[in-house]
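Spelled out from the first residue to the last, the chains are:
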Amino acid sequence: MTQQEYSSNIQKLTKMAYHYYVLDDPIATDSQYDELYHQVLNFERQNPILISPNSPTQRVGGTPLESFSKNSHIERMWSLEDVFNQAEMQEWCERIYKSYPHSHFTCSPKFDGASLNLLYRDGILVSATTRGDGIVGELVTSNARTIQSIPLSIDYKGEIEIRGEVVIAKDDFEKINNERLEQNLSLFANPRNAAAGSLRQLDSKITAQRKLRFMPWGIGAGLSQFGSFYEALQKITDFGFAPVPFLTHCEGSDDIMQMYKILISKRDDYPIMLDGMVIMLDEIEIQQRLGWTIKAPRFACAFKFPAVEKSSKILDITLQVGRTGIITPVAELEPVEIEGAMIARATLHNFSEIERKDIRINDEVIIIRSGDVIPKIIKPITALRDGTQIPITKPTHCPVCRQELLIEEIFIKCQNLSCEARVIESIIHFASKKALNIDGLGEKIVIQLFENGLIQSILDIYALEESQLLALEGWKEKRAKNLIVAIQNTIGVELWRFINALGIEHIGEGASKRLAQSFGRDTFSADFQQILGLDGFGEEMAYSLVEFNHANKELIAKLLEIISPKIEQIKLDSGHIFYGKSIVLTGTLNKPRDEIVEMLESKGAKISSSVSKKTDFVIYGEKAGSKLEKAQNLGVKTLSEEEFMACMQES
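Residues numbered from 1 in each chain as written. Predicted model: local features only at pLDDT ≥ 70, side-chain atom pairs only at ≥ 80, totals over all residues. Heavy atoms only, no water.

1. Focus on the nonpolar core
Inference 1: Counting residues in each nonpolar core, the largest one holds 70 residues, and the members touching the most others are Phe105, Leu116, Leu118, Ile162 and Ile279.
Inference 2: With sequence-adjacent residues up to four places away left out, Phe105 is seen in contact with Trp92, Cys93, Ile96, Tyr97, Thr248, His249, Cys250, Ile256, Ile279, Met280, Leu281 and Asp282.
Inference 3: If you look at the next biggest cluster of nonpolar residues, it comprises 56 residues, including Leu464, Leu469, Phe498 and Ala511. (Core = buried A, V, L, I, M, F, W, Y, C linked by side-chain atoms within 4.5 Å. Buried < 20%, exposed > 50% of the residue type's maximum accessible area, 1.4 Å probe, protein only. Contact = heavy atoms within 4.5 Å.)

The following block contains the structure:
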């Protein structure tokens, strides 16, 4: 074989592979391809210095890597804003029409896989990078070269980023999982996870075996060379990539909706998983003018498909304790596959929802993957009940610490601050600005201290030593000393701050101040009727405080001994216009809301979150909504922020 014949045979193999892997329209048998492939391979073994980088033999993978290096995208890979129904889609279009009334759009399928950015320089593939955080991803060039539908070279001068989704067809996914089952390997949950895992294999030879496909959907650097996004996607096909299926140029929202319905109808039968449709403003110059928000482009969105429904049986209920102590019931299900994912658990949110929907153990229930991700139980199929169903009862004690639970109409909560399930959140709140304001003890530090065994409860904060902090990664003497000083500075803090820092359900800053003024340290021994007797305190607040004091009696006593909070007696002007009044704030205010609350509370006002007949004033800012409307309907006095400030100055 001459060098010229060798180059000609590479072109033939590339054409055969393109028709086989990209167009699904083979022009040669497997044996014909294999015979020509081995002729090329034999020539390369005899002439290693003449090996072409475009040869199909260069797709088999090389030496395994120890890790992936990081690589920056030239143009950021943005996430898309999601819309979920026709009204939201039309609203999104109207935002564009407001500035550009003659805009057109390009619609294409949203593939469910792993995003990849391919960089070509003067026609040669030089790098392949995963999405990462949109700015920097992992360099997976060796693996990308094994994917037959990614051209190793294209007819383009200059620099261009071709973007798309690495996917696995549904049938290929089944074959891979069957092979893994025979090899006693863990199974992939769905084609998307299989594609992402295969793309990030350190051994590119494994990637080469996975039958990955690259489905293009856009251009990063180089897009400005085109006038129309529709034309740009067609040009990608001319480069040798797979044609974008169902690519459609749409005049307006009616055309978009029609295309969406077509894609929905094709969804189940299409060989690759789809989870929506991408809507892109077609005029690239206008794209640049519209620009981006912090998170997403203003000129594109993802019109997500409706969640997929299946049914399964509830086998049992387990209880999860969140960091704030909220108990969430979780249904353990007979595993069911929804869009390639095996679902075995689903949240029931709260026990009020269980009662409302009359969900029982052993019920057959309808499940959806909300947003195609989170499994959610919609309703029981009561017609299938056979007498074995068991009502789900509310728990009375925490499944983790066994303390008695606070049971309310909707939420059930563990009040024990020492409960392992909620200790981290309780410490974070305890140290926060509106609580004890411990500078330097934010969320990340709390988690670091907890994971290193230095704090397991709020009390442990006051046992921290400088030497312990210096032994941790990232700590130096000044930082450690500052934290110890900040902790010591909480000694003698105002009592209301201490009460607020405990994170008692329904007891916020305003209620903490009233408790401190009314009871002082006796706040922690006050009975239900005493608390209920306070102006503005309802049964939920009183019950919550009593239960909290009972669950944390020893902890509160020890903290009071260490911190020794002080009680500030505030003299209030009983003749002030806002003294003793119930006030609701709503809308966007010019002054910080906390500052306005402080001003009102200093005059003896009570801040409420909802409007009722008992509300005395509603103070409103811009974009005030339903609260202002309700106040006007009820005849409640309303004040603009300017009128409120005038009242404060007059008083």
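2. Focus: the sheet that holds strand β7 (residues 159–167)
Adjacent strands of a sheet pair through backbone hydrogen bonds, lying either parallel or antiparallel.
Inference 1: The antiparallel open sheet is built from 4 strands, whose spatial order is β5-β4-β7-β8. Since the sheet does not close on itself, it has two edges, and those belong to β5 (124–130) and β8 (213–219), each with one partner. Here the strands of the sheet are splayed against their neighbours by 35 degrees on average, with no regard to which way each runs.
Inference 2: Here β7 pairs with β8 via 6 bridges, running antiparallel. (Pairing = 2+ DSSP bridges. Helix = DSSP H or I, 4+ residues; strand = E, 2+ residues; numbered from the N terminus. Axes fitted to C-alpha atoms, helices over the stretch in contact; angles between N-to-C directions.)

3. Quick notes on the pairing of β5
Inference 1: In terms of burial, β5 is a largely internal element, 5 of the 7 residues being buried.
Inference 2: The turn linking strand β4 (residues 114–121) back onto β5 is made up of 2 residues, and Asp122 within it adopts a positive phi angle of 50 degrees.

4. Observations concerning the UniProt feature "binding site: Zn(2+)" (unreviewed entry) in the protein chain
Inference 1: Sequence positions flagged by UniProt for "binding site: Zn(2+)" (unreviewed entry) are, in local numbering, Cys398, Cys401, Cys414 and Cys419. A maximum C-alpha distance of 8.8 Å places the annotated residues, which cover 22 residues in sequence, within one compact spot.
Inference 2: Summarising the element assignment, Cys398 is placed in the loop between β18 (390–391) and β19 (405–407).
Inference 3: Residue Cys398 is classed as buried on the basis of its relative accessible area of 0%.
Inference 4: The contact partners of Cys398, leaving out residues within four places of it in the chain, are Val321, Gln403, Leu405, Cys414 and Cys419.
Inference 5: Inspection of the secondary structure assignment puts Cys414 in strand β20 (residues 412–414).
Inference 6: For Cys414, a relative accessible area of 0% gives the class buried.
Inference 7: Cys414 has contacts with Gly325, Ile327, Cys398, Cys401, Leu405, Cys419 and Arg422, leaving out every residue within four places of it along the chain. (UniProt positions renumbered as here; feature names shortened; annotations may be inferred.)

5. Re the sheet that holds strand β24 (residues 637–640)
Inference 1: The strand order across the open sheet built from 4 strands is β22-β21-β23-β24, with neighbouring strands paired in parallel fashion. Taken across any chain shown, the strands that pair with only one partner, and hence form the sheet edges, are β22 (606–608) and β24. Within the sheet, the average angular offset between the axes of one strand and its neighbour, ignoring direction, is 30 degrees.
Inference 2: The sheet contact formed by strand β21 (residues 582–586) and strand β23 (residues 617–620) spans 4 bridges and is parallel.

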